[in-house]
Amino acid sequence: MNKTRQTDLGTPASAATETVQVEIDGLPATVKAGSSILRAARESGVDIPKLCATDSLKPFGSCRLCVVEVEGRKGYPASCHTPVEDGMKIRTQTDALSRLRRNVMELYISDHPLDCLTCSANGDCELQDMAGAVGLRDVRYGFDGENHLDAPVDASNPYFQFDASKCIVCSRCVRACDEVQGTFALTIEGRGFKSKVSAGISEDFLDSECVSCGACVQACPTATLMEKSIVDNGQPDHAVITTCAYCGVGCSFQAEMKGDQVVRMTPYKDGEANHGHSCVKGRFAWGYASHRDRVMKPMIRENTSDPWREVEWDEAIQYTAERFKAIQKEYGRKSIGGITSSRCTNEEVFVVQKLVRAAMGNNNVDTCARVCHSPTGYGLKTTLGTSAGTQPFDSVMDADVIVVIGANPTVGHPVFASQMKRRLREGAQLIVVDPRKIGLVRSARIEAAHHLDLLPGTNVPIINALAHVIVSEGLADEDYVKERCDLDSWESWKAMILKPENSPEEVAKVSGVDAEAIRAAARLFGNARNGAIYYGLGVTEHSQGSTMVMGMANLAMATGNIGRSGVGVNPLRGQNNVQGSCDMGSFPHELAGYRHISGEEVRTQFEQHWGVPIDPEPGFRIPNMFDAACAGTFKGMYIQGEDVAQSDPDTHHVEAALSAMECIVVQDLFLNETAKFAHVFLPGTSFLEKNGTFINAERRINRVRKVMEPQQGKDEWLITQELAQAMGYPMDYENAAQIMDEVAELTPTFNNVSFAFLDEVGSVQWPCNDDAPMGTPIMHIDAFVRGKGLFVETDYVPTEERTNRKFPLLLTTGRILSQYNVGAQTRRTDNNIWYGEDVLEVHPSDAEMRGIEEGKLVSLTSRKGDITLRAKITTRVKPGVVYTTFHNPETGANVVTTEYGDWATDCPEYKVTAVQIAPATHRSEWQEEFAARAEEQGRILTPADKA
Ligand code: SF4
Ligand code: SF4
Ligand code: SF4
Ligand code: FES
């Protein structure tokens, strides 16, 4: 059997806690009540042959290979379908059973190609294994009768193929798509001999509803559904468990290797965040790691108009240190700073913030969470006491009413969305608060009870109106509030929320949502036994982002929905390590563990450990750095794994700031947009080349493990360490594990964390310390971390960005499934087949009014700038609202977004921009400039020997 195949116990685990006594082949066994005989036997070390069963799916009972004999029962029950009973005596191996199984296998094999030696699944095929296991030696039925051996191969999907000639119609793929993924893309068409797997009426996989999650491929016991990487490279010989480097779900994967080459990424069944499921990005879109665009040598240049010069690591590091030191000498200690990356490991992030604080001697460090979830940190810390979500993902399986606000989980957090959809199919109710008709509003077997399709920018009035109904109709949980919350704040919040302006009728006027729909949604949530709130950047990226986070925390406290399974306030984090980069002390005002820099005690602890004084004054946030750069006082920046030139709002301003600086250092895999303004390029490593940890949206600390050595010759934490040393600060870790040891020593919520501990237990959710040695899946169980839960008044202050006659539409932005953030990784994979360019979604009435046609160019203009992109006419957006993504640099979506940001954290207001649209015939001025710059930089960015 294949060395990397994960254990399959045949049917899902029983949820029962009781056990029963059975006898299997004459030996006594204690097994879980409710287990299938198949699973009980496998857990007891007896492998009953099987084909249609697998432990990620409900038993189906179609192949009859798993038959057994049970004393006192007639016939031969299918063990996958028969639960154990106390006292049951089971025989798994008798002459009669052998005969039956051989007959079954003979029928399968008689219509199956006998090309095992050249088959891509050779060595990893359950059919092959089972033929051996049942002792099939010859096949009596010829191949000359009717068969499927000439059935065509569907190779339309870029990552896997469907070879119908090898299909045994076990239906595992269909059930995986239904039960695990929840897309219902596959069916078994026809009956009897004519039955076959179909991805839709006369459709191939590419044109079907399939979202390429890979669950069917994973479930297929034959080579019918097979990864093309395996077809091309052969079976893996070893595997390493690591963590996906895309979104904040933090799926665990088995990186399956052949020598030092990755040939497949398979979702890891024991991964606590994903339980063996995946999405197209983590499962298939990892080819960017070896893309030819990757830069492998450090490069430097005096001016951004000069060509790059490839140099050795030592020279690049010395050069950077000298330039930074010279700037500090001329313009002062605070004239430089750094940005940490939420795509890097905690260990890599920790050393960058330490470089800034200890070697640069200031607190000018910030992270890309500034532009996504900084309001989460502020809002949840203020109300509940911890800057993080309250629940594990599995908690959703206990929720009765689920509210999704400003998030699109099926595209942004697909694996969690599949779990949520499973709960919804079990009967939980759904409320969606979003300007767009996101996939969850209505999809296969899912229908939201309420879709509050508010105008962008009106989250706060909606949350206030929901609370207004709940309080005024007596649906608040007063006992919970009295026991757990600050009562003064409760009284003043109540007075605020009951004001007439927060009634559904008044809020309907500003939000565009029907008052009765608001009331009905509020009643549904207020009456829920367990109500859970999930939210995303549609909440935080507003000028009232922090207000809205506190509004949701208020609502959850008022209804007693925090502190147990099935409830909570849960941010769906964008990038893989947003939680971790914040935890590691990346913000300019906080040291690791969210402790304010002004705190004498915590500063002293760090000072003693690091052997240098730490500035007690908070440093610059990213927007402050850019403002100061434009003002001529901020001159140098170390940018770790971020592309601020593409991802940050108001591109003209960002470009002006970057152009004004004297030394920009970019550490990344690719020459990104920011690198066009850089003086030093330090090549980074992909997640496959790192040892470290990521922290997902559940606060889960997952291990990232090296499957190959750094391709550019140096660990990323070591690059930062050597730069610190060259700047005169003696940083001296020997490996990434030592960095985590220091984090654990200095951060109370991480005290018990170490690589060795994580390797032993798999993963833990912080806090993980002596009070919670195995971590803390659910926060605030008996009391809030801050003591009493604090209600904060959330009066609505509208954004200054308003529509008017010149800019009558509201633009809101988001992402799609196949691309990720600025697209640096996914654009370098075959995912482009699904989404090669950013498009503008426009409602048919807005399009008609302006003569805009499907697929034609349209100009998008705000008071900040204008761009041109293609129109997609759809009722997914409501009239008055347009929507686009920001995955492609040449589109320049952020050319039009504004300088407005959250009042508390400066998180940019990406979600609300007043715009006008019109038919267009050519690219915008900025896009022309971009193309010219790309061409020019393309020439000089490429070192001479690669040109
Ligand atoms: S494609 Fe694979 S999983 Fe699906 S029915 Fe055929 S053999 Fe079974
Ligand atoms: S890849 Fe996923 S979505 Fe597509 S058919 Fe398979 S299980 Fe369904
Ligand atoms: S859901 Fe997120 S973490 Fe999981 S595989 Fe997809 S991108 Fe990776
Ligand atoms: S494995 Fe039990 S009937 Fe197929």
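First things first, this report covers the structure right here in the doc. (Residues numbered from 1 in each chain as written. Chains lettered and ligands numbered in written order. Predicted model: local features only at pLDDT ≥ 70, side-chain atom pairs only at ≥ 80, totals over all residues. Heavy atoms only, no water.)

### Some points on the overall build of the protein chain
Then, in step 1: Looking only at helices and strands, the protein chain has 29 helices and 37 strands in total.
Then, in step 2: Compactness check: the protein chain gives a C-alpha radius of gyration of 29 Å against a globular reference of 30 Å for 947 residues, within 12% of the reference.
Then, in step 3: Referenced to the eigenvectors of the C-alpha coordinate spread, the extents of the protein chain come out at roughly 90 × 70 × 65 Å.
Then, in step 4: Burial status across the protein chain gives 63% buried among its 947 residues.
Then, in step 5: Here the protein chain has roughly 34,200 Å² of accessible surface; of this, 50% comes from carbon and sulfur atoms.
Then, in step 6: Across the protein chain, the 95 positively charged side chains and the 127 negatively charged ones have centroids separated by 3 Å. (Helix = DSSP H or I, 4+ residues; strand = E, 2+ residues; numbered from the N terminus. Rg over C-alpha atoms; globule rule 2.2 N^0.38 Å. Buried < 20%, exposed > 50% of the residue type's maximum accessible area, 1.4 Å probe, protein only. Areas by Shrake-Rupley, 256 points an atom, 1.4 Å probe, with all protein chains shown as cover. Lys, Arg positive; Asp, Glu negative; His and termini not counted. Charge placed at Lys NZ, Arg CZ, Asp CG, Glu CD.)

### Focus: the side chain of K50
Then, in step 1: Among the secondary structure elements, K50 is positioned in the loop between α1 (37-43) and β3 (69-70).
Then, in step 2: Within the local environment of K50, its side chain forms a polar contact with the backbone oxygen of A53, the two atoms lying 2.9 Å apart.
Then, in step 3: A polar atom in the side chain of K50 sits 3.2 Å from the side chain of E126.
Then, in step 4: The residues touching K50, leaving out its near neighbours within four places in the chain, are D8, G10, L38, R42, L65, C66, E126, M130 and R172. (Polar contact = N/O pair within 3.5 Å; in protein donor to acceptor, adjacent residues only side chain to side chain. Contact = heavy atoms within 4.5 Å.)

### Let's talk about the site of ligand 3
Then, in step 1: Taken together, C244, Y246, C247, V249, G250, C251, F253, C279, K281, G282, P414 and V415 are the residues near ligand 3.
Then, in step 2: Grouping the constituent residues of the shell around ligand 3 by class yields 9 nonpolar, 2 polar and 1 charged. (Near = heavy atom within 4 Å. Nonpolar A, V, L, I, M, F, W, Y, C, P; charged D, E, K, R; others polar.)

### Section: the pattern of salt bridges
Then, in step 1: Inspection of every chain in the model, using the stated rule, returns 60 salt bridges.
Then, in step 2: D759 is paired through a salt bridge with R705; the nearest N and O atoms lie 2.7 Å apart. Pair noted here: D759 is in helix α27 (residues 755-761) and R705 is in the loop between β30 (700-704) and α25 (716-726), with a separation of 54 residues, a long-range link.
Then, in step 3: Measuring nitrogen to oxygen at the nearest pair gives 3.4 Å for the salt bridge that ties K706 to E709.
Then, in step 4: A relative accessible area of 52% means that E709 is categorised as exposed. (Salt bridge = Lys/Arg side-chain N within 4 Å of Asp/Glu carboxyl O.)

### Quick notes on the environment of D434
Then, in step 1: Relative to the elements of secondary structure, D434 occurs in the loop between β18 (429-433) and β19 (442-443).
Then, in step 2: On the basis of relative accessibility, which here comes to 8%, the residue D434 falls in the buried class.
Then, in step 3: The contact partners of D434, leaving out residues within four places of it in the chain, are G406, A407, H451, L452, D453 and L454.
Then, in step 4: Side-chain polar atoms of D434 contact the backbone nitrogen of R436, separated by 2.9 Å.

### Regarding the pairing of strand β17 (residues 401-405)
Then, in step 1: Of all 5 residues in β17, 5 are buried; the element is thus mostly enclosed.
Then, in step 2: Alternating positions in β17 separate into two faces, V401, V403 and I405 on one and I402 and V404 on the other, with burial throughout.
Then, in step 3: Sheet analysis places β17 next to β18, joined by 5 bridges and oriented parallel. Looking across to β18, one finds that V401 is bridged to Q429. (Pairing = 2+ DSSP bridges.)

### Thoughts on the sheet that holds strand β2 (residues 27-32)
Then, in step 1: What the 4 strands build is an open sheet, ordered β2-β1-β4-β3; its pairing is mixed. Looking along the sheet, the strands with just one partner apiece sit at the ends: β2 and β3.
Then, in step 2: With 2 bridges connecting them, β3 and strand β4 (residues 89-91) associate as antiparallel partners. When the bridges of β4 are listed, V70 appears paired with I90.

### Topic: the sheet that holds β30
Then, in step 1: Read from one edge of the open sheet, 3 strands run β29-β30-β31, paired in antiparallel fashion. Edge positions in the sheet fall to β29 (692-695) and β31 (763-765), since each has one partner strand and no second. Taking each pair of neighbouring strands and ignoring which way they run, the sheet shows an average axis angle of 30°.
Then, in step 2: Here β29 runs beside β30; their pairing, made up of 4 bridges, is antiparallel. Bridging across to β30, F694 finds its partner in N702. (Axes fitted to C-alpha atoms, helices over the stretch in contact; angles between N-to-C directions.)

### Some thoughts on the environment of V240
Then, in step 1: Along the polypeptide, V240 turns up in strand β10 (residues 238-243).
Then, in step 2: Overall, V240 belongs to the buried group, its relative accessible area being 17%.
Then, in step 3: Considering only alpha carbons, one finds V240 and M257, 17 residues apart in sequence, at a separation of 7.9 Å.
Then, in step 4: Not counting residues within four places of it along the chain, the set of residues in contact with V240 comprises F253, Q254, A255, R705, K706 and V707.

### Brief notes about the nonpolar core
Then, in step 1: If you look at the biggest cluster of nonpolar residues, it comprises 72 residues, and the most contacted ones within it are L225, I402, M420 and L430.
Then, in step 2: Per-element tally for this core: the top contributor is helix α12 (residues 414-425), with 4 residues.
Then, in step 3: Residues W313, A321, F324 and L758 belong to the second largest nonpolar core, which totals 67 residues. (Core = buried A, V, L, I, M, F, W, Y, C linked by side-chain atoms within 4.5 Å.)

### Observations regarding helix α19 (residues 545-558)
Helical periodicity: at 3.6 residues per turn, an α-helix aligns residues three or four positions apart in one direction.
Then, in step 1: The terminal C-alpha atoms of α19, which comprises 14 residues, lie 20 Å apart, in line with the 20 Å expected from a rise of 1.5 Å per residue.
Then, in step 2: In terms of residue burial, α19 counts as a mostly covered element, since 14 of its 14 residues are buried.
Then, in step 3: Positive backbone phi, approximately 70°, marks G560, located one or two places after α19. (Expected span 1.5 Å × (residues − 1).)

### Some details on the side chain of T458
Then, in step 1: Following the sequence through the fold, T458 ends up in the loop between β21 (450-452) and α13 (459-472).
Then, in step 2: Within polar-contact distance, the side chain of T458 engages the backbone oxygen of L455 at 2.6 Å.
Then, in step 3: Not counting residues within four places of it along the chain, the set of residues in contact with T458 comprises V510, S511 and Y796.

### A short note on the packing of aromatic side chains
Then, in step 1: If you walk through the whole model with that rule in mind, you get 18 aromatic pairs.
Then, in step 2: Each ring, one from W490 and one from F791, has its centre 5.0 Å from the other, and the planes form 55°; the classification is tilted. Taken together, the residues W490 in helix α15 (residues 487-497) and F791 in the loop between β31 and β32 (809-814) connect sequence positions 301 residues apart.
Then, in step 3: A relative accessible area of 2% places W490 in the buried class.
Then, in step 4: Note on F791: relative accessible area 4%, which makes it buried.
Then, in step 5: Site record: aromatic cluster; members linked through ring pairs are Y159, F160, F162, F205, F284 and W834.
Then, in step 6: Lying over the aromatic face of Y883, R436 brings its terminal NZ or CZ to 3.6 Å of the ring centre.
Then, in step 7: Over the aromatic face of F755 sits the side chain of R703, whose NZ or CZ is 4.2 Å from the ring centroid. (Phe/Tyr/Trp six-rings, centres within 6.5 Å; stacked < 30°, edge-to-face > 60°. Lys NZ or Arg CZ within 6 Å of the ring centre and 35° of its normal.)

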